[in-house]
Amino acid sequence: EAQVTQNPRYLITVTGKKLTVTCSQNMNHEYMSWYRQDPGLGLRQIYYSMNVEVTDKGDVPEGYKVSRKEKRNFPLILESPSPNQTSLYFCASSQRTSFPVGGGELFFGEGSRLTVL
Amino acid sequence: GENVEQHPSTLSVQEGDSAVIKCTYSDSASNYFPWYKQELGKRPQLIIDIRSNVGEKKDQRIAVTLNKTAKHFSLHITETQPEDSAVYFCAAIDYNQGGKLIFGQGTELSVKP
């Protein structure tokens, strides 16, 4: 089954304790991205990756890191989480590396709800 | 860069009525406009999209219209059903930022039986 898998789905942590949210897709997609969803703010992009070893900042990258060592995996790293990073996080992938003339469907993971105390 | 504004933020309709959600965008170069539906506790999923070479696209009870001159597009849901209750996101491409997708703020639709 084609899917994007995130882990953990739920996490409560404390300020300053490093954590990693994993994301894996089995569709051989080049493009992967992380979003955070907050009430009234929609989906805001944190980081994205066009392909292996190619990553770039989105709209709200502060406090986050990513890596793309393999095509299928795109982990999100919070080196020193703070309460303002409490949010619902989504990983997404697409077979298009960008959205040129045609556009392309984004496939989202199930989401990871993170609470930072 | 691209700015996508979505209205209303919440919408409540009676079952069987129609629902309309509107979005405006700022980048006249945008040419791809998808709509995503997110049911409670679930992931966003693409329900319909439209490209700039057409003004309207329909898929059963849902339709999207696009007015490129005015830079706005709308989602229309007819004969609403309780299972249409969800958060809906519009999006547009930001070519000034390498062609990435910019999402609207979301509309929470509630269909009352």
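In case you missed it, the structure is sitting above this.
Here is what the cut-offs are and how they apply
- Residues numbered from 1 in each chain as written.
- Chains lettered and ligands numbered in written order.
- Predicted model: local features only at pLDDT ≥ 70, side-chain atom pairs only at ≥ 80, totals over all residues.
- Heavy atoms only, no water.
- Contact = heavy atoms within 4.5 Å.
- Buried area = accessible area lost by both parts, 1.4 Å probe.
- Salt bridge = Lys/Arg side-chain N within 4 Å of Asp/Glu carboxyl O.
- Polar contact = N/O pair within 3.5 Å; in protein donor to acceptor, adjacent residues only side chain to side chain.
- Buried < 20%, exposed > 50% of the residue type's maximum accessible area, 1.4 Å probe, protein only.
- Disulfide = S-S within 2.5 Å.
- Helix = DSSP H or I, 4+ residues; strand = E, 2+ residues; numbered from the N terminus.
- Pairing = 2+ DSSP bridges.
- Axes fitted to C-alpha atoms, helices over the stretch in contact; angles between N-to-C directions.

Draft legend 1. Here's a closer look at the interface of chain A and chain B. The interface of chain A with chain B comprises 26 residues on the first partner and 21 residues on the second. Contact between chain A and chain B buries roughly 1,800 Å² in total, counting both sides, with carbon and sulfur atoms accounting for 50%. In this assembly, chain A and chain B are joined by one salt bridge. We note a salt bridge from E110 of chain A to R43 of chain B, for which the minimum N-O separation is 2.5 Å. At the junction of chain A with chain B, the criterion picks out five residue pairs in polar contact (both at pLDDT 80 or more).

Draft legend 2. Just the pattern of salt bridges, in detail. All names here are of chain A. On inspection of all chains with the given rule, the structure shows ten salt bridges over all chains. Between R36 and D38 there is a salt bridge; the shortest N-O distance is 2.8 Å. In this structure, R36 and D38 share a single accessibility class: buried. Among the ionic pairs, D38 bridges to R44, the shortest N-O distance being 2.8 Å. Under the relative-accessibility criterion, R44 is labelled partly exposed at 24%.

Draft legend 3. A look at the state of the cysteines. All names here are of chain A. One pass over the structure, following the stated rule, counts two disulfides over all chains. A sulfur-sulfur distance of 1.9 Å marks the disulfide that ties C23 to C91. Its S-S torsion of approximately -75° makes the covalent link between C23 and C91 left-handed. Of the two residues, C23 is situated in strand β3 (residues 19-25) and C91 in strand β9 (residues 87-94); the sequence distance between them amounts to 68 residues. In this structure, C23 and C91 share a single accessibility class: buried.

Draft legend 4. The sheet that holds strand β3 (residues 19-25) of chain B, seen in detail. All names here are of chain B. The strand order across the open sheet formed by five strands is β1-β3-β8-β7-β6, and the pairing between neighbours is antiparallel. Bordering the open sheet on either side are β1 (4-7) and β6 (56-59), each of which pairs with just one other strand. Strand-to-strand twist of the sheet, defined as the mean angle between neighbouring strand axes without regard to direction, takes the value 15°. Relative to strand β8 (residues 72-77), strand β7 (residues 62-67) is paired through six bridges, and the arrangement is antiparallel.

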